[in-house]
Each structure stands twice: as C-alpha cells, then as structure tokens.
Amino acid sequence: MTTSAPLPAARVVDAVKVYGRGDTEVRALDGVSVDFPAGRFTAVMGPSGSGKSTLMHCAAGLDTLTSGAALVGDTDLSTLDDRRLTLLRRDRIGFVFQAFNLLPTLTVAENITLPLDLAGHAVDRRRFDRLVDTVGLRDRLHHRPGELSGGQQQRVAVARAFAGDPDVVFADEPTGNLDSRSGEEVLRLLGRTVRDTGRTVVMVTHDPVAAAHADEVIFLADGRLVDRMTGPTADRVLDRMKAFDTGTGPGAGHPAAPALSRGGAT
Ligand SMILES: Nc1ncnc2c1ncn2[C@@H]1O[C@H](COP(=O)(O)OP(=O)(O)OP(=O)(O)O)[C@@H](O)[C@H]1O
C-alpha cells in the first residue's frame, strides 16, 4: 500500500516571472518550486527585490506567471478564466495587507463578514463568535475602523481573512504599519489561528522577529529559493539574512547556484 503525502494548501512549481523585455527585462522569479503545507505557518524572507511579493502575488492568483504553475490545493490557477479566478480568490484565499484595507463606513462586525456577505454565503454564528473571541474584539464589534488602533484594525483584517474558512491566508507585511507590541499581538494571533484551526498562512516579511513566529521560513535571493529553516528563532533568521549582505551562506551572491539546506541553516 502506498501512502501519498497530504496535498499542500498552495504551491508553485518551476515558477518564472519576467517583467519587461530586452534591456529592461527583470526575472523576478527564476524557477522557484515550493510547497506551502496545509496547517502550517510559512514566512517568506529575502533581501529587497528578491521576489517575495511577486511569489506571493502569483501564488495567490493576483498576478500570473510567465511559466511554471501556481496551484491552490489541486487547482492550477492558469486553467481558470478571470471569473473563476476571482471566485477562487474570494472563496478559498484570505488576504491580510500591510495597510489593513478595511472599509471605513462599515462596523467591525460588518468588515469581518464582508467577504461572506459579498459571496452570498451565510455567516456561521458559532464560527464568527469563535473568531471574534480569538482576535479579542468582542467589545469593539459595533465600532468603525477609524475608532480603533492600528493593531486592532489589523486584528479585524485577520478575522476577515479567516472568516470564510479559506484554504490559505496570504499576509503581506502584516506588521509593517504597527508598533512592535501591536505587531507581536497580530503575529501571535496568526500563529494561534493556524494551530487552533489548522488553517494555512503564508506571510511575506522583512522582520526576523516576525518570521520567528512561523513554523518555517523560506529564503529567496535573486528570484530563487536559496534556503529554508524550520523552527526559526529571530537570531537565526537575522544571522541568515546577514549572510546575504556579506555574501556568505547558500545562495548569497551566487544566484546561479542555489544550495538548499532543509530543516535549518545555522
Ligand atoms: N510590475 C513590475 N514591473 C517591473 N519590475 C517589477 C515589477 N514588480 C516587481 N518588479 C521587479 O521584480 C523584482 C522582485 O520584486 P518584488 O517586489 O517581488 O521583490 P521583494 O522581495 O518583494 O522586494 P521588497 O522586499 O523590496 O518589497 C525586483 O527587481 C522588482 O524591481
């Protein structure tokens, strides 16, 4: 009897993304293959311009690959027309952005259920209540975003991202606009939600402290996957990032010959 590995929540295979042509051509992704396992919190790190946002946008169906494949579950995004891609993003993916992106005229409760309301899906009250308690916003449900702190607003955005029970939540620098204490709360919340609900989070970040909340960190350099680290700590992630600056360590300064070390790089 053969046992097959569980299907990753999302993945890219041989992902290439080229912007521009000729002299202005940029290979933002240069053959990246990576799985985002279900039920795990993965952070994506790498120097500025290494392709982190491009990877996230292509994996989430916000942008298309030049070649290779991006899949959510077993759905190859390139097989979907615009309408079905929009439906997939709405029904199977949650997003958390640096800028919160809440609707100012809606209450906290209305913001959280907005994706479900737009989809015409009923709100499961028990699920909603559990989410509200997880993000600690019960006493703010009837407030508007402008009446909340940045950290509280981002917690609303996290609740909204998980409200539809998506296969995967993509978070793009979710703590970029927050002070360190509020940022820490949002990161704990993301980690707790992954552990408590078995959902999947993929987070792009520049911050080693943020990345240390993940189960695994993947490192990009020059559009390639050059390293990965399980059980990260902020110090180990920082050391790994410093190696990019000093040109030591796998992938640093050698984009044509990436070396992968599974399960930690110290
Ligand atoms: N729309 C675009 N047109 C042309 N080039 C682009 C475009 N978007 C990104 N790039 C280029 O692709 C490369 C990867 O960009 P990307 O934004 O994915 O990197 P990043 O790792 O997220 O960077 P940062 O940490 O600075 O946000 C960069 O060289 C960038 O200039």
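Anything mentioned here points back to the structure above.
Source: prediction; values computed, not measured.

(A) Representation of the environment of H213. Relative to the elements of secondary structure, H213 occurs in the loop between helix 7 (208-211) and strand 9 (216-221). When the C-alpha atoms of H213 and T66 are compared, they prove to be 32 Å apart, with 147 residues separating the residues in sequence. Not counting chain neighbours up to four residues away, the residues in contact with H213 comprise F41, L187, L190 and G191.

(B) Highlighting the site of the ligand. Surrounding the ligand, one finds 13 residues, the nearest of these being Y19, A28, S48, S53 and T54. Residue assignment for the shell around the ligand shows that the elements contributing at least two residues are strand 2 (26-36) and helix 1 (52-59). A per-element tally of the shell around the ligand places helix 1 first, with three residues. Considered class by class, the residues forming the shell around the ligand number three nonpolar, nine polar and one charged.

(C) Spatial organisation of the environment of L85. Looking at the secondary structure, you find L85 in helix 2 (residues 82-92). Overall, the presence of 17 C-beta atoms within 10 Å leaves L85 in the partly exposed class. In the structure, L85 is positioned 32 residues away from S53 in sequence and 19 Å away in space, judged by C-alpha atoms. Aside from chain neighbours lying at most four places away, what touches L85 is G61, L77 and L80.

(D) Up close: helix 8 (residues 234-246). The end-to-end C-alpha separation of helix 8 is 18 Å, in line with the 18 Å expected for 13 residues at 1.5 Å each. Buried residues of helix 8: V237, R240, M241, A243 and F244, and no others. Down the axis, helix 8 shows its buried residues gathered within 145 degrees of arc, on one side only. Turned more than 90 degrees from where helix 8 packs its buried face, D235, D245 and T246 sit exposed. Of the surrounding secondary structure, the elements contacted by the buried residues of helix 8 are strand 3 (41-45), helix 7, strand 9 and strand 10 (224-230).

(E) Highlighting unusual backbone geometry. The phi dihedral of D14 falls on the positive side, at around 50 degrees, and the residue is not glycine. Here D14 shows up in strand 1 (residues 10-19). According to the C-beta neighbour criterion, D14 is partly exposed, with 13 such atoms within 10 Å. At D222, a residue that is not glycine, the phi angle is positive and equals roughly 50 degrees. Note that D222 resides in the loop between strand 9 and strand 10. Since 22 C-beta atoms lie within 10 Å of it, D222 is described here as buried.

(F) Representation of the packing of helix 3 (residues 108-119) against helix 5 (residues 150-163) within the structure. Axis separation between helix 3 and helix 5 bottoms out at 7 Å; the angle between their running directions is 30 degrees. One finds that helix 3 runs roughly parallel with respect to helix 5. When the axes of helix 3 and helix 5 are compared, the crossing they make is right-handed. Side by side, helix 3 and helix 5 meet where V108, N111, I112, T113, L114, P115 and L116 of the first sit next to V156, A159, R160 and A163 of the second. Split by residue class, the contact of helix 3 with helix 5 holds eight nonpolar, two polar and one charged.

Rules behind the numbers
- Residues numbered from 1 in each chain as written.
- Predicted model: local features only at pLDDT ≥ 70, side-chain atom pairs only at ≥ 80, totals over all residues.
- Helix = DSSP H or I, 4+ residues; strand = E, 2+ residues; numbered from the N terminus.
- Contact = placed C-beta atoms within 7 Å.
- Near = placed C-beta within 6 Å.
- Nonpolar A, V, L, I, M, F, W, Y, C, P; charged D, E, K, R; others polar.
- Buried ≥ 20, exposed ≤ 12 C-beta atoms within 10 Å, placed from the backbone.
- Expected span 1.5 Å × (residues − 1).
- Arc of directions from axis to C-beta.
- Axes fitted to C-alpha atoms, helices over the stretch in contact; angles between N-to-C directions.
- Parallel < 35°, antiparallel > 145°, perpendicular 65-115°, else oblique.
- Left-handed = near helix turned anticlockwise from the far one by under 90°.

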